[in-house]
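# Chains, contacts and geometry: an overview
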Number of protein chains: 2
Amino acid sequence: MTGIDFWYEFASTYSYPAAMRIEDVARERGVEVRWRPFLVAPIFVAQGWRDSPFNIYAAKGRYMWRDMERICARLGLPLHRPDPFPQSSLLAARVALALAPQTRAAFSRAVYASEFGEGRQIGERDTIAPLLDRIGEDSASVLERALSAANKEALKAESAQAVALGLPGAPCVVTGDGEVFWGNDRIEEALDWAQNAR
Amino acid sequence: MTGIDFWYEFASTYSYPAAMRIEDVARERGVEVRWRPFLVAPIFVAQGWRDSPFNIYAAKGRYMWRDMERICARLGLPLHRPDPFPQSSLLAARVALALAPQTRAAFSRAVYASEFGEGRQIGERDTIAPLLDRIGEDSASVLERALSAANKEALKAESAQAVALGLPGAPCVVTGDGEVFWGNDRIEEALDWAQNAR
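Residues numbered from 1 in each chain as written. Chains lettered and ligands numbered in written order. Predicted model: local features only at pLDDT ≥ 70, side-chain atom pairs only at ≥ 80, totals over all residues. Heavy atoms only, no water.

## A closer look at the sheet that holds strand β2 (residues 32–37) of chain B
Residue and element names in this part refer to chain B. Our working rule: DSSP calls a pair of strands paired once it identifies at least 2 bridges connecting them. Only DSSP runs of H or I covering at least 4 residues are called helices, and only runs of E covering at least 2 are called strands; the numbering of each starts at the N terminus. Structural elements are reduced to axes, namely lines fitted to C-alpha atoms, with helices fitted over the stretch in contact, and the angle between N-to-C directions of any two is expressed from 0 to 180 degrees. By definition in these notes, contact holds between two residues if any of their heavy atoms fall within 4.5 Å.
As summarised here, the arrangement of the four strands in space is β2-β1-β3-β4, forming an open sheet in which the pairing is mixed. Edge positions in the sheet fall to β2 and β4 (180–182), since each has one partner strand and no second. Shown here is a sheet whose adjacent strand axes are inclined to one another by a mean of 25°, direction ignored. Examined bridge by bridge, strand β3 (residues 172–175) and β4 share three bridges and lie antiparallel to one another. Counterpart to Cys172 in the pairing with β4 is Trp182. Contacts between helix α9 (residues 149–164) and the sheet are confined to β1 (3–8) and β2, with β2 contributing the most and set at about 110° to the helix.

## Digging into the packing of aromatic side chains
Put simply, the rule reads: Working definition: a ring pair exists when centres of Phe, Tyr or Trp rings (six-membered ring for Trp) sit within 6.5 Å. Plane angles under 30 degrees give stacked, over 60 give edge-to-face, the rest tilted. Each residue is placed in one exposure class: buried if its accessible area under a 1.4 Å probe, protein chains only, is under 20% of its type's maximum, exposed if it is over 50%, and partly exposed if it falls in between. Sitting over a ring, as applied to charges here, requires NZ of Lys or CZ of Arg to be within 6 Å of the ring centre and within 35 degrees of the ring normal.
If you walk through the whole model with that rule in mind, you get 34 aromatic pairs over all chains. Considering the side-chain rings of Tyr8 of chain A and Trp35 of chain A, the 5.3 Å spacing of their centres and the 80° angle between planes classify their relative orientation as edge-to-face. One end of the pair, Tyr8 of chain A, is in strand β1 (residues 3–8); the other, Trp35 of chain A, is in strand β2 (residues 32–37), and 27 residues separate them in sequence. For Tyr8 of chain A, a relative accessible area of 0% gives the class buried. Relative accessible area serves as the criterion here: at 5%, Trp35 of chain A is assigned to the buried category. The structure contains a cluster of three or more aromatic residues connected by ring pairs, namely Phe6, Tyr8, Phe10, Tyr16, Trp35, Phe107, Tyr112 and Phe116 of chain A. Across from the ring centre of Phe181 of chain B, 3.8 Å away, lies the NZ or CZ of Arg70 of chain A, which sits over that ring.

## Focus: the pairing of β2 of chain A
Residues and elements named next belong to chain A. Short version of the rule: With strands facing away from the observer, any crossover in which the path from the first strand over the helix to the second runs clockwise is taken as right-handed.
Note: β1 against β2, six bridges, orientation parallel. Residue pairing in the sheet places Phe6 in a bridge with Trp35 of β2. Read from β1 through helix α1 (residues 15–29) to β2, the crossover connection turns out right-handed.

## Digging into the sheet that holds β1 of chain A
Residues and elements named next belong to chain A. In spatial order, the strands read β2-β1-β3-β4; together these four strands make up an open sheet with mixed pairing. Since the sheet does not close on itself, it has two edges, and those belong to β2 and β4 (180–182), each with one partner. Here the strands of the sheet are splayed against their neighbours by 25° on average, with no regard to which way each runs. Sheet contacts for helix α9 (residues 149–164): β1 and β2; angle to β2, the most-contacted strand, approximately 110°.

## A look at the interface of chain A and chain B
The accessible area lost on association of the parts is a frequent measure of interface size. Operational definition: Summed over both partners, the accessible area (1.4 Å probe) lost when two parts come together is defined as the buried area. Put simply, a salt bridge is a Lys or Arg side-chain nitrogen that is within 4 Å of an Asp or Glu carboxyl oxygen. Polar contact is defined as a pair of N or O atoms within 3.5 Å, subject to the rule that within protein one atom must be able to donate a hydrogen and the other to accept it, and that residues adjacent in sequence are counted only when both atoms are side-chain atoms.
Between chain A and chain B, the contact holds 22 residues from the first and 22 residues from the second. Carbon and sulfur atoms make up 47% of the surface buried where chain A meets chain B, a total of about 2,200 Å² over both sides. The interface formed by chain A and chain B holds 12 salt bridges in total. Across the pair Glu179 of chain A and Arg70 of chain B runs a salt bridge, and its minimum N-O distance is 2.6 Å. Linking chain A with chain B are 17 residue pairs in polar contact (both at pLDDT 80 or more). Counting residues per element, the ones that place at least two in the side of chain A that touches chain B are α4 (58–75), β4 and α10 (187–196) of chain A.

## A word on the packing of helix α1 (residues 15–29) of chain B against helix α10 (residues 187–196) of chain B
Residues and elements named next belong to chain B. Filter applied, for reference: Roughly parallel means an angle under 35 degrees; roughly antiparallel means over 145; roughly perpendicular covers 65 to 115; every other angle is labelled oblique. Each crossing is labelled by how the near helix is turned from the far one, with a counterclockwise turn of less than a right angle marking it left-handed and a clockwise turn marking it right-handed. When residues are sorted by character, Ala, Val, Leu, Ile, Met, Phe, Trp, Tyr, Cys and Pro go into the nonpolar class, Asp, Glu, Lys and Arg into the charged class, and all the rest, Gly among them, into the polar class.
The contact between α1 and α10 brings their axes to 10 Å, and the two run at 30°. In terms of orientation, α1 lies roughly parallel with respect to α10. By crossing handedness, the relation of α1 to α10 is classed as right-handed. Contact residues: Ala18, Arg21, Ile22, Val25, Ala26 and Arg29 in α1; Ile187, Glu188, Leu191, Asp192 and Gln195 in α10. When its residues are assigned to classes, the contact of α1 with α10 shows six nonpolar, one polar and four charged.

## Topic: the layout of surface pockets
Here is the rule we go by: Of the two site types, the cavity is a set of points on a 1 Å grid over the protein atoms alone where a 1.4 Å probe fits but cannot get out, and the pocket is an open set with protein on both sides within 12 Å along at least five of seven lines, each lined by residues with an atom within 4 Å of a point. Grid points are joined across faces, edges and corners, and a volume is the space filled by probe spheres set on the points.
Here the second largest pocket is characterised by a volume of approximately 600 Å³. Elements that contribute at least two residues to the lining of the second largest pocket include exactly α4 and α10 of chain A together with α4 (58–75) and α10 of chain B. For the lining of the second largest pocket, the element with the most residues is α10 of chain B, which contributes five residues. Split into classes, the residues belonging to the lining of the second largest pocket amount to five nonpolar, three polar and 14 charged.

## Considerations on the relation of the copies chain A and chain B
Note the following rule: Only residues with pLDDT of at least 70 in both copies count here: their C-alpha atoms drive the least-squares fit that superposes the copies.
Relative to chain B, chain A is turned by 180° and slid 0.0 Å along the rotation axis, the superposed coordinates differing by an RMSD of 0.0 Å. Between the two chains, the operation in question is that of a two-fold axis. When C-alpha distances to the rotation axis are compared across chain A, the minimum falls at Asp185 of chain A, with a value of 3.9 Å. By residue overlap, the copies meet face to face through one surface: 100% of the interface positions of chain A are interface positions in chain B.

## Looking at helix α6 (residues 101–117) of chain B
Residues and elements named next belong to chain B. We count it as follows: How far a helix is expected to stretch is found by multiplying one less than its residue total by 1.5 Å.
With 17 residues, α6 ought to run about 24 Å at 1.5 Å a step, and its terminal C-alpha atoms sit 23 Å apart, in line with that. The set of residues buried in α6 consists of Thr103, Arg104, Ala105, Phe107, Ser108, Val111, Tyr112, Ser114, Glu115, Phe116 and Gly117. Against the buried residues of α6 lie β1, α1, β2, α5 (90–98) and α7 (125–134). Phi turns positive, to about 75°, at Gly119, one or two residues after α6.

## Observations regarding the environment of Gln102 of chain B
Locating Gln102 of chain B in the fold gives a position in helix α6. Here the alpha-carbon distance between Gln102 of chain B and Pro168 of chain B, two residues 66 residues apart in the chain, equals 27 Å.

What follows is the structure in structure tokens.
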């Protein structure tokens, strides 16, 4: 089965609608989605940014929030602007990476729904642990695995690979032949590309 | 007839495919396009940029050029990367604004085709004058009007209005009810919005 890599960052606004809908778009086309959580911070730091560009550049930020309102309304997704924004995504990313592929997608969608649908603090264990329990995982043991030195290193390696692939931000879809598609609004195009390159 | 404002910048890469296809997308929906040339520089300067963000931020720049190749290939448009990039867009914007609405669209498409299709220097009168002659305008008199103090001020006012509208970049479509849609990839969404708001 043709597969694509879906690179996503838990603090990223546009990763929210992308994560909530990518499996549906992929299923229609018979494409398999590999969920690749990563930290976008190294990419931003390489560009000289110490905060979200949506906070640094006011016009971009105002536009993005209105755009998110329209996107979420169209998809029937609730939108609660996180405070503070961006949220700390380190814990959620470590946990997602520590999970098996089958549960990683369900956990990731639950994090996004909690963060952008309900406005919860995703940097806190008290937010993350119940999400794990709800998808049938033992939160204590998953958290222990997530916070192990090996898993921390694995997440660093993933984020370094995102830089090496030239990802300009999150979310991105990378096809088997190495094409990068950036943004929630490019998911269809990316999956069409993957399907045609088969 | 429902109308939208199409705000475009001659130096802007994504404005090229947008300008070449927006009339077709609008015609299908029975929406009228008002062509609004402006200078994006004041927006960039307000964000602290003295150059194109695609030059300042290497990962964004590399991504954009590959993305443009894919977009142009799909639309059957030639793509010649302008050198230098960005081109000086001041003369072309002044000329476009000095033209009547009926010829402004044809001239604007001719400029984009020359810049991004053939790699010509659009900051030079020797490039611009023949484009005017070819669409049936008297280039000498249009250039005189374009370089008048009144027209220079008019272009400044348009660019100031773009800032006031909160445009985050170019191209943008602004609907009658004030919604801003940024990017070549949002043209369909913008025109659907205009059509539904009717």
